[in-house]
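Structural description and commentary
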Amino acid sequence: MNGKNYIRSLSILGLWTLMTVEARAWHPDSSWVFNQWELGVSLGSALNDPGDMEGGFSSIWQMRFYHQYSPEDFGPQTPRHFFPAVGLVLSYADFSRTPVYREVNPPQEIYRGDYGRFFSLAISFSRYHRMWGSRHQWRLRSAIENGFAWAFNPYHYPDGMGNTIGGNFQIYFHAGLFASYAWGHHEIAVGPEFTHFSNSGVYLPNGGVNNIAVGLRYRTLAQTDYPHTAKEGYKLDEFLPYLYSSFYVSIGIHGEGDRGDRAEDHADIAVYSQLNLSYDLMFRFTPVVAMGLGTDFFSGCKANQLTKSWVGLGLKHESIYRHLSISACVGVYLNGMHPKGRGDSGTRIYEKIGLKYYLPVKVENVSQPYVSYHIKGNEFYAEQFEIGIGFIFDRHFRSAFVRKVQKSWEQAFRQQE
């Protein structure tokens, strides 16, 4: 048995062992940390983003352990969004059948490799958006995941010169939308999925992998009776929409050079850090969604072409699950073109996506701290990895705008009854 088959067999055996242990321990009780589990497989193909892919086939095997909330332990929620689930996902991704090549001074040198294999650990968020039928057996649900991965086949000099994955440390992002059918405590789902691996610019090269696939999933269900009206669950008037402001300070880490640059040794790659600041004005208009505008400041560093500071205006969005949230931003640089974009002329567009954890404490009953990490990119090319701390200030419940939104929510809620 060769090395690849051995690792693949060992991974599948490990997933089967975890499944067996969790199946015995599973209990449909919201007091348990993990009260449901899920198995999934995704079959698809990587996108030809770097321009050096020869076509291929990808497979991703996943196992998830969820806490599916009940109305009692999640809190106020809209009827059609019962019940969100938060948990951990373990995944093994195999891109070894996706060959890539790199030409150097063609046709003298052609390096060949593949995207390789990844093992990931991430936080998974899943919720239902709609349920059909008198028994709510047909459902539409989404999933979004963010975490870290280990690349087994990164670029290495002098062997592995054709590999586009730089470094073992990778960022993992996954999203999917599924049509599902439930019976009893069981559910099966199928739908399109998107998966991304990259090192967020902290290592060169940073070709990354973008994968499109069709996923098939089986999960156990902790909650089987889904409230459809306010009378059956928490009433929305137990939640008051509010405006708030947020201040965030972070350290951004990135390597110097273009995403396709390669070095004979990682020590040859200069890694820099910079100070980033954000101030946001947000409106939390449902228990699970907040949106707003914010200003972002990126201090720059000593790297070539990045000595300048950058100021941007961004549209911010958060999907909130108790103390955890998925944070995303799309912004525009206000003071010039950033050099690290898709084209030689630079770009004015930047993006950020990451996770926040709101600490269950308040500072003098005024502000709430949170810790987070984000991936910052320019035109969807990763530029840096940032980690930081922030605070929420000044919750405003009584403005005329907030009262108007609250009234419209109450009217919509009464119509559903």
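Residues numbered from 1 in each chain as written. Predicted model: local features only at pLDDT ≥ 70, side-chain atom pairs only at ≥ 80, totals over all residues. Heavy atoms only, no water.

1. A word on the side chain of Glu145
Selection criterion: Strands are runs of DSSP state E lasting at least 2 residues, helices are runs of H or I lasting at least 4, and numbering of each runs from the N terminus. Relative accessible area decides the class of each residue, using a 1.4 Å probe on protein chains only: under 20% of the type maximum gives buried, over 50% gives exposed, and in between gives partly exposed. For the purposes of these results, a polar contact is taken to be a pair of N or O atoms within 3.5 Å, where, inside protein, one atom must be able to donate a hydrogen and its partner to accept one; residues adjacent in sequence count only when each atom of the pair is a side-chain atom. Contacts are assigned to residue pairs that have any heavy atoms within 4.5 Å of one another.
You can see Glu145 is positioned in strand E5 (residues 138-151). Judged by its relative accessible area of 1%, Glu145 is buried. Engagement of the side chain of Glu145 in a polar contact is seen with the side chain of Tyr172, the distance being 2.8 Å. Discounting chain neighbours no more than four positions away, the residues touching Glu145 are Arg64, Tyr66, Val89, Ile123, Ser124, Tyr172, Phe173, His174 and Arg217.

2. Structural notes on the confidence of the model for the chain
The condition is simple: Note on scores: pLDDT gives the predictor's confidence for each residue, bounded by 0 and 100.
On average, residues of the chain carry a pLDDT of 79, and 71% of them reach 70 or more. Low pLDDT, under 50, characterises residues 19-27; the predicted model gives this stretch 17 contacts beyond four residues in sequence or across chains. Taken as a whole, residues 228-234 scores under 50 in pLDDT and shows 22 contacts with residues more than four places along the chain or in a different chain.

3. Points about the pairing of strand E6 (residues 169-183)
Note the cut-off: Two strands pair if DSSP finds at least two bridges between them.
With 13 bridges connecting them, E5 and E6 associate as antiparallel partners. Bridged to Trp138 within E6 is Tyr181. Across 11 bridges, E6 lies against strand E7 (residues 186-198) in antiparallel orientation. Bridge pairing links Ala175 to Phe194 in E7. Counted between consecutive antiparallel strands, the loop separating E6 from E7 contains two residues, among which Gly184 sits at a positive phi close to 60°.

4. As for the layout of surface pockets
For clarity, the cut-off: As defined here, a cavity is a set of points on a 1 Å grid over the protein atoms alone where a 1.4 Å probe fits but cannot get out. A pocket is an open set with protein on both sides within 12 Å along at least five of seven lines, and residues line them when an atom is within 4 Å of a point. Grid points are joined across faces, edges and corners, and a volume is the space filled by probe spheres set on the points. In this count, Pro and Cys sit with the nonpolar residues alongside Ala, Val, Leu, Ile, Met, Phe, Trp and Tyr, while Asp, Glu, Lys and Arg are called charged and the others, Gly among them, polar.
By volume, the largest pocket is sized at about 570 Å³. What lines the largest pocket is a set of 26 residues, and nearest its centre among them are His196, Glu351, Ile353, Ile375 and Phe380. Listed by contribution, the elements that provide at least two residues to the lining of the largest pocket are E6, E7, strand E12 (310-321), strand E13 (324-333), strand E14 (349-358), strand E15 (368-378) and strand E16 (381-396). Along the lines of polarity and charge, the residues of the lining of the largest pocket split into 12 nonpolar, eight polar and six charged.

5. With respect to the sheet that holds strand E9 (residues 242-255)
Operational definition: Each axis is a line fitted through C-alpha atoms, taken for helices only over the stretch in contact, and angles between the N-to-C directions span 0 to 180 degrees.
Overall, antiparallel pairing links the eight strands, which are arranged E9-E10-E11-E12-E13-E14-E15-E16 in a closed barrel. Strand-to-strand twist across the sheet, computed as the mean angle between neighbouring axes with direction ignored, equals 25°. Note: E15 against E16, 11 bridges, orientation antiparallel. Pairing of Gln368 across the sheet is with Ile392, part of E16.

6. Brief notes about the side chain of Ser42
Counting through the fold element by element, Ser42 comes out in strand E1 (residues 36-46). We classify Ser42 as buried; its relative accessible area is 1%. Polar side-chain contacts of Ser42 include one of 3.1 Å to the side chain of Gln62. Other than its neighbours up to four places away in sequence, Ser42 contacts Ser58, Ser59, Ile60, Gln62, Glu193, Ala213, Val214 and Gly215.

7. Thoughts on the environment of Gly255
You can see Gly255 is positioned in strand E9. With 48 residues separating them along the chain, Gly255 and Ala303 place their C-alpha atoms 8.5 Å apart. Excluding residues that lie within four positions of it along the chain, Gly255 makes contacts with Gly201, Val202, Ala270, Val271 and Lys340.

8. Section: unusual backbone geometry
For Arg322, which is not a glycine, the phi torsion comes out positive at approximately 55°. Here Arg322 is to be found in the loop between E12 and E13. Its relative accessible area of 40% is what places Arg322 among the partly exposed residues.

9. Digging into the nonpolar core
One broad rule of soluble globular proteins: the nonpolar side chains tend to lie buried together. Using the following cut-off: Nine residue types can take part in a nonpolar core, namely buried Ala, Val, Leu, Ile, Met, Phe, Trp, Tyr and Cys, and a core is a set of them joined through side-chain atoms within 4.5 Å.
Within the largest apolar cluster, 15 residues are counted, with the highest numbers of intra-cluster contacts made by Ala93, Phe95, Tyr115, Phe118, Ile165, Phe197 and Val209. Listing elements by their share of this core, those giving two or more residues are strand E3 (85-104), strand E4 (109-132) and E5. Ranked by size, the runner-up nonpolar core spans 12 residues in total, among them Phe125, Ile326, Leu355 and Ile375.

10. Notes on empty space enclosed by the protein
Across all of its chains, the model carries one cavity of 30 Å³ or more by this definition. Estimated volume of the largest cavity: approximately 150 Å³. For the lining of the largest cavity, the secondary-structure elements that each account for two or more residues are E9, strand E10 (271-286), E12, E13, E14 and E15. Classifying every residue of the lining of the largest cavity by side-chain character gives six nonpolar, five polar and six charged.

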